[in-house]
Amino acid sequence: TSLAEDASTVPSIAAAAADRSRAIPDAAEASSHPAVGGGEKKKGKSVDGDVGPSTEGAWDRIRRLRSRLAADVVCDPPDASNDDDERRRNFPTFVSPFERPTSSKTSRSSGGSSYRGMSIPLVYCDQTASQRPVASIEDYLRRTSMPCHANTHTNITYTGSQSTAFVSEARQIVGECTGARITGKAAIDTVIFGGNGVTGAVGILVDCLNLRGVVVQSNKDDKSGEKRPVVFVGPHEHHSNLLPWRESGCEVVSVPESSKGVVDLVELERLLRLPRHNASSGRLRIGAFSAVSNVTGLIADVDRIAIILHRYGALAFFDYASGAPYLKMDMNPSAVRFKGMRVEGDEMGDVVDPSKDAIYFSPHKCYGGTSTPGVLVIKKHLISQTNPPAISGGGTVFYVTNKDHRFLSNRIERYEGGTPDGIGIQRVGLALLTGRRVADEYERLARSVNERNDGGDAGSVKLPQKTLLEYECSTYDRVVADLKEHAPNLIMLGCNYDSANANGNAEEPLDGAPSSCAGRHLPIFSFLIRCGARFLHYNYVCAILNDVFGIQSRGGCQCAGPYSQRLLGLTTAIANHKSSGAGEGVEEAPNKANRRIETALLRSDRPCELLRPGYTRLSLPFKGLREEEVDYAVQAMIWTARNGWALLPLYRCCHRTGEWRHWSRRGAPLGKSERRWLSHFDMLAPAERGSNGVPSSWAVGSAEGFEETIEASRARLDEAILNADVILESAKHDPRFLSEVEKMSSADGMLGSGGADDSGEGGIDHTLEELRWYVYPQEVTRFLREGQGQVPGTLDDGALLGAIDVHMDGKRSNCGDMDGSDVAKMEVSGGVAAAVTNNASSQVQDAMSSLLEKSDLIPFHEGDHAGEAPHDEIRAGYEDGELGDACEVFSRARDKWVAIGDYLREYEEAAAGMAAAAINDYGSASRRKRDLSAMEEDSPSSLEVGIHSTKIDSTAPSDDVGAPAPMPVKELNGNLPPAVMRREMKKPSRDCSQWGQCSAPHISPSSGALQNALGSSSMLNLNNCDSVTGKATVLTKAASSDSSNISSKKKKKGKIKPPPKMMRFITQAMIQWDMIQEGDRLLLGLSGGKDSLSLLHCLLEFQRKLPIKFDIEVCTIDPMTPSFDPSPLIPYVEGLGLKYHFIRDDIVARANTSGKDGKTVSSLCAFCARMKRGNLYTCARKNNCNKLVLAQHLDDCAESFFMSIMHNGFIRTMKANYQINAGDVSVIRPLVYCRESLMTEFAKSANLPVINENCPACFEEPKERARVKKLLSREETLCPNLYDHIRRALIPVMHDDSTAIMRSYLEETIAKSRKVPSGKAKKAKIAKSPKDDEPRSNMKALPTDSNGSNGASPQKSTNPSLKLATEEELIAELAKRRAEKFKLSGAMKRLSSGGDGAVPANGNGLPEDATGQMCSLTGGDGMIPCRELME
């Protein structure tokens, strides 16, 4: 049927869906479909002529076959409460963030829906990434294989023998389904399982060929690198078939695509003929090509490619990761049908070899193949039986002694180390059997019809395609045709041919050979949706398809970066002059916009993950989807292309993650209650038995069940389309979201925003704004208010803005450009450039090491804070905000105190000068310094240094293969923020000059193992690097000199010394808050985390150094959850000589019955915290400890502060020192001034036994505290001194009385607005003392004796005499009494007057507060009542 109706009205699609009452599949049978032909269909007959019952019956059986496959996919069991229609309960659903609207009218009248969740159908269309489990396969494994499952490394036992037989049979099935010869005397192939998908299979293939060893040997024999292996890859490769070849050290040559988009076979031959690549070069030559593109579904002609490769003596490897579910894999096809084959007029001759030397695929992409290992099928003679396998261990060895070992010669056992995934391997066999069975059944049904109608006219109903592969390709053709007709702003990537000639790309099959569909597309669709001058973000499109229609898709580059960037117009043609002089070749390289995006993603101080280029992809295969679901998916794509922009105001984007989420689910992507939990599994709970919820009459494909299934499936999908239209109408007429989005400033949601900069106003970074290719919600609100149906400029190619350059026809404007500033001829002598780079880089490291060795402790001071620290610590303190701009550092070079900013700048300039001198000693090529803020244009004549590395000829590697990567000049002169430098160091760019090289392993400088390895020498021989590069890696000792000294001191003293910075902050907190006094008994709450363990060692250090004496005891509360076991702390704490209390309390079990009406508590976190705190108080009382020590730090206090403001509307945070209500225990927090990073670094460097806590209450993500932490982290990138300012601001709030005082102010202010009943007004009115109006000068002074006490009694007054008190003491006493008053009586109350107007007095003659509190502040010439001071 036609997948959509007229595009001019919004409800037309829904109306078309509602009226679909004809038989299915209309896509292949209905006369209105373009793939079928003209004419109107009637039941059983066509208008143009009679159709035999065999044709229609065959289509019906094909539909039934497809429906049965879809029904076999595992889904939820039926839920009686899910729907009134019993049939529709058997289809998978999930909860959307949108509310299920009743009609657009009711939605408008209610002011918009509340979006509490709507049940929508789940339609899985991400089969290209991974398939879902199939019930029949899983049930068969559960009944047949799992009862006797065991390890396969023995054949003595029944279970071992049966498991071994299953794995062996699965290997045989793989061989049969791939045309491999793995048994008998004629066996020439072998099947190897292992790893994760194709990535693991290619890794095994590289290991079997011993490529890394070959690279090392070739580099030793020929320093120019002309003898190392060369790998030819296609233009459509994904990362799994590209990066392993690069990192093996081989030369990688990319073969371009032809004008039709397929592999250019003429160019492949030209490359193979080059002198440096042909047989006379003596090099190992490999061709690694994808059989199918995982982006566009384009099918390669693998047989022709294999023939060309073998003709020139190269090996032919093919990646069937995306092709295995569709294509027939044949390792050894017959060569007879290929004789006389021509390639662009060049006859191949009679000797042709279409066989494959290796194929590899990912079974988890096959129907029913979920959770399976990768598969490698390889020629036996290619497997090295002398090379030790990279993964060696159990099952790979013949004999092992304490001195040596021998590996097995069996090729399979040698490279399948460890216990194999027996169930996964068996699932591979069953999945391939299922795929073959379905393809054979389809061909049988199609053949029976085609044979009956051979030579006749089938009428208006088109005959079925001969093979299932042809059916899949026809699905792509018809879907693309419908999308082009009804959604012109939906751009299908890689679709470079006209729909009228859908087979224009297909290679002509040879005579008598079945069609391979090479050059056609499988039903894999990658697309962009144009919106005005930009595009809808691919993650937003995925969110709309998911939230509105339930369609599961994927956004991004689909792990095919080079091909994706070429499709998106992010590459440019480059002329590459080969040093061999064999002629000029053309290759593609990233253009300026691509490089700027990479730089922004890596180095920008502001989050800009949304800039990452990509597109939306979904799949519509025969196996796993019903025909009506394919129709539904296409309708959803058309609906999103037309109306998706109108829902933008309902969504919020995250620049840090690149995600788009509905406004109601920004913090909970799965909703508040929809997430499912593994931890809820209870083996002892009553078993829930049953199948996947599909009635047997439907699953087997009976006629009655089939029709009911079709009807129910249509009804649920039609309803979803109708709901989408109502949601759209509601969103258009709801001004709330439009107003909210329009109020957003640039800092709320614009790219790279957050503060004003030199390049723009309002915090917009215009250097990134130029690259923005997607639209924001605030950009479309005007068009929604105006009632426009489309954003202006959507179909105008000339209005396109941003980095992505894709026109409406799917083509790019700069494709094939060979002129302009982007074209750079790479004429640099690779050997010279590499030598200069490597030698200069080595000198830079030596210079920096010598500079660090001369560094000593440097004096610094900031106000009262003074000390000495190494340069690195001063710099880190300044970056973390611990040292402000007012800090001064003593410069030995200038012999005076200078500002910290000037000092750091001078230091970096000195380092840059030393590095530049080292570089100049060896000479340097012309290098371009990249300005990140301006992102200047590329220079054609420059060598890029740093993130993009040095661009040299990949065929001319450096002499020193093991040399480190070149050090960027920008990093040396200190122009980059240190945080940015650290990010780049973690993600160094690896171009052809670094492929195959490994770096030094990451070992902590303070590690004892590293110190022992270093000894007195600074050379560290890394065996792992030797196996690849044949050279030793130099590790300078200077960088860890300080940590070496610390380590040696630790060994002498046998104690762990906390870092000085942390001790300094703790000392400051202890002094300011009077935390520890003489004779205190401290009880430390030790959870086993980094914070409490760090605090423990700090307290021990204070106990050794402070002149006062205090005791330390430790207590740990074990909640008795399986995920948290603090028992390893017992020997550790006892080894420190401390008294340890280990309390076990089943808190989680108590929480299940401690809630309202005996149910589970509403908040497990809050309940657990209260129970732990109560246990700690009890332990402190029993052991006479007067102070409880907790390890919350400054980050915790800041997060609690903001959470209290946002969720409770009150200014409050954790107190530094306070007394609990009982009055017998005080709580202190010595880490309130310490950043969390201090404890993290200390725990790592000291190797503290941190216990990993996996609390069940913390599984849900993201938690609110984690969200606030991210918010503060994002703000800290814009304000580096943020936490220093927060610390200063929190000091008053950390006081014990602050909460009571501020609540008193709050209650008093609110009380003024409360209405008092008229009848009680007079009774509630408080008389005012007449003396309150008298001047203070007329008040008589309160008589005091010499001791300051009132009256004649020598007893000391409980009220202090503040006659000589300072202003600070008066304020402190006032705060104390005001807090005490609130604690006793709540809101402020006025003092009551006596009958004679005098102020009531107590027995001592002092004025009495109405609350009973004694308040007497004496000073000056008279008495000052507390009430007046307080008010």
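The present account deals with the structure reproduced in this document.

Conventions used here
Residues numbered from 1 in each chain as written. Predicted model: local features only at pLDDT ≥ 70, side-chain atom pairs only at ≥ 80, totals over all residues. Heavy atoms only, no water. Helix = DSSP H or I, 4+ residues; strand = E, 2+ residues; numbered from the N terminus. Buried < 20%, exposed > 50% of the residue type's maximum accessible area, 1.4 Å probe, protein only. Contact = heavy atoms within 4.5 Å. Areas by Shrake-Rupley, 256 points an atom, 1.4 Å probe, with all protein chains shown as cover. Patch = residues over 30% accessible without salt bridge, like charges linked within 9 Å, V, L, I, M, F, W, Y side chains within 5 Å. Salt bridge = Lys/Arg side-chain N within 4 Å of Asp/Glu carboxyl O. Phe/Tyr/Trp six-rings, centres within 6.5 Å; stacked < 30°, edge-to-face > 60°. Lys NZ or Arg CZ within 6 Å of the ring centre and 35° of its normal. Core = buried A, V, L, I, M, F, W, Y, C linked by side-chain atoms within 4.5 Å. Pairing = 2+ DSSP bridges. Axes fitted to C-alpha atoms, helices over the stretch in contact; angles between N-to-C directions. Parallel < 35°, antiparallel > 145°, perpendicular 65-115°, else oblique. Left-handed = near helix turned anticlockwise from the far one by under 90°. Nonpolar A, V, L, I, M, F, W, Y, C, P; charged D, E, K, R; others polar. Polar contact = N/O pair within 3.5 Å; in protein donor to acceptor, adjacent residues only side chain to side chain.

## Points about the overall build of the chain
Okay, step 1: Along the backbone of the chain there are 45 helices and 40 strands.
Okay, step 2: Going through the 1431 residues of the chain one by one, you find that 51% of them count as buried.
Okay, step 3: Residue pairs in contact within the chain that sit at least 24 positions apart in sequence constitute 73% of those at least 6 positions apart.
Okay, step 4: Surface accessibility of the chain: about 65600 Å² in total, with carbon and sulfur atoms responsible for 51%.

## Observations concerning a nonpolar patch on the surface
Okay, step 1: Where nonpolar side chains cluster on the molecular surface, the patch consists of Phe-681, Met-683 and Leu-684 and spans about 450 Å² of accessible area.
Okay, step 2: Among the residues examined, Met-683 registers a relative accessible area of 65% and is labelled exposed.

## Thoughts on unusual backbone geometry
Okay, step 1: A positive phi angle is found at Asp-1074, which is not glycine, with a value near 50°.
Okay, step 2: Along the chain, Asp-1074 falls in the loop between helix H33 (1060-1072) and strand S33 (1081-1085).
Okay, step 3: At Asn-1247, a position not held by glycine, the phi torsion is positive, near 55°.
Okay, step 4: By relative accessible area, Asn-1247 is classed as exposed at 66%.

## Some remarks on the packing of aromatic side chains
Okay, step 1: Per the stated rule, a full pass over the model turns up 17 aromatic pairs.
Okay, step 2: Ring geometry for Tyr-1140 and Phe-1142: centres 6.1 Å apart, planes at 70°, overall edge-to-face.
Okay, step 3: Looking at Tyr-1140, the relative accessible area reads 14%, which means it is buried.
Okay, step 4: If you follow Arg-772 out to its NZ or CZ, it ends over the ring of Tyr-774, 6.0 Å from the centre.

## A closer look at the environment of Ser-322
Okay, step 1: As for its placement among the helices and strands, Ser-322 is situated in the loop between strand S10 (315-319) and strand S11 (342-343).
Okay, step 2: We classify Ser-322 as buried; its relative accessible area is 6%.
Okay, step 3: Note: C-alpha distance between Ser-322 and Ala-291 (31 residues apart in sequence) is 7.7 Å.
Okay, step 4: The residues touching Ser-322, leaving out its near neighbours within four places in the chain, are Thr-128, Val-292, Ser-293, Asn-294, Lys-365 and Leu-522.

## Observations regarding the nonpolar core
Okay, step 1: Grouped together as the largest cluster of nonpolar side chains are 87 residues, with contacts concentrated most on Met-492, Phe-549, Ile-551, Leu-620, Trp-645 and Leu-647.
Okay, step 2: Residue contributions to this core peak at nine residues, all from helix H18 (residues 627-643).
Okay, step 3: Ignoring sequence-local partners within four residues, the contact set of Trp-645 consists of Cys-531, Leu-536, Val-780, Phe-783, Leu-784, Gln-788, Gly-789, Gln-790 and Val-791.
Okay, step 4: Leu-1086, Phe-1102, Leu-1129 and Leu-1238 belong to the second largest nonpolar core, which has 56 residues in total.

## Concerning helix H11 (residues 302-311)
Okay, step 1: In terms of burial, H11 is a largely internal element, nine of the ten residues being buried.
Okay, step 2: Listed as buried for H11 are Val-302, Asp-303, Arg-304, Ile-305, Ala-306, Ile-307, Ile-308, Leu-309 and His-310.
Okay, step 3: In the stretch just after H11, Gly-313 is the one whose phi turns positive, near 80°.

## Overview of the sheet that holds strand S6 (residues 189-193)
Okay, step 1: Strand order across the open sheet formed by seven strands is S6-S14-S13-S10-S9-S7-S8, with mixed pairing between neighbours. Bordering the open sheet on either side are S6 and strand S8 (251-254), each of which pairs with just one other strand. Direction aside, the axes of adjacent strands within the sheet are offset by 20° on average.
Okay, step 2: Note: S6 against strand S14 (residues 375-379), five bridges, orientation antiparallel. Paired with Ile-192 across the two strands is Leu-376, which belongs to S14.
Okay, step 3: Helix H7 (residues 197-209) rests against S6, strand S9 (285-290), S10, strand S13 (358-361) and S14 of the sheet, and its axis sits at about 150° to S13.
Okay, step 4: With respect to the sheet, H11 is in contact with S9 and S10, its orientation differing from that of S10 by roughly 155°.

## Notes on the environment of Phe-527
Okay, step 1: One can find Phe-527 in strand S18 (residues 524-531).
Okay, step 2: As a C-alpha pair, Phe-527 and Gly-810 span 283 residues in sequence and 8.9 Å in three-dimensional space.
Okay, step 3: Among residues more than four places away in sequence, those in contact with Phe-527 are Leu-490, Ile-491, Met-492, Leu-493, Val-541, Leu-545, Tyr-615, Thr-616, Leu-618 and Met-637.

## A short note on the packing of helix H14 (residues 468-486) against H18
Describing two packed helices takes the angle between their axes plus the distance from one axis to the other.
Okay, step 1: Axis separation between H14 and H18 bottoms out at 10 Å; the angle between their running directions is 30°. Taken together, the axes of H14 and H18 lie roughly parallel to each other. The two elements H14 and H18 cross, and the hand of that crossing is right-handed. Residue-level inspection shows Tyr-471, Arg-478, Val-479, Asp-482, Leu-483 and His-486 of H14 in contact with H18, the latter providing Glu-627, Val-630, Asp-631, Val-634, Met-637, Ile-638 and Arg-642.
Okay, step 2: Tallied by class, the residues present in the contact of H14 with H18 amount to seven nonpolar, one polar and five charged.

## Considerations on the environment of Cys-531
Okay, step 1: Mapped onto the fold, Cys-531 is located in strand S18.
Okay, step 2: Residue classification places Cys-531 among the buried residues on the basis of a relative accessible area of 4%.
Okay, step 3: C-alpha of Cys-531 to C-alpha of Leu-800: the two residues are 269 residues apart in sequence and 9.7 Å apart in space.
Okay, step 4: Residue contacts for Cys-531: discarding those within four places in its chain leaves Leu-536, Trp-645, Val-775, Val-780, Val-791 and Thr-794.

## Let's talk about helix H10 (residues 265-273)
Okay, step 1: Taken together, the buried positions of H10 are occupied by Leu-265, Glu-267, Leu-268, Glu-269, Leu-271 and Leu-272.
Okay, step 2: N-capping of H10 is provided by Asp-264, with a side-chain oxygen placed 3.2 Å from the backbone N of Val-266.

## A closer look at the pattern of salt bridges
Okay, step 1: This model, assessed by the stated rule, comprises 51 salt bridges.
Okay, step 2: Across the pair Asp-797 and Arg-530 runs a salt bridge whose closest N-O atoms are separated by 3.8 Å. Of this pair, Asp-797 sits in the loop between helix H24 (781-785) and helix H25 (830-854) while Arg-530 is found in strand S18, placing the two residues 267 residues apart along the sequence.
Okay, step 3: For Arg-612, the salt bridge goes to Glu-609, with nearest N and O atoms at 2.5 Å.
Okay, step 4: Glu-609 gets classed as partly exposed once you look at its relative accessible area, which sits at 21%.
Okay, step 5: One salt-bridge network, held together by shared partners, links Lys-1090, Asp-1091, Glu-1199, Glu-1236, Arg-1265 and Lys-1269.

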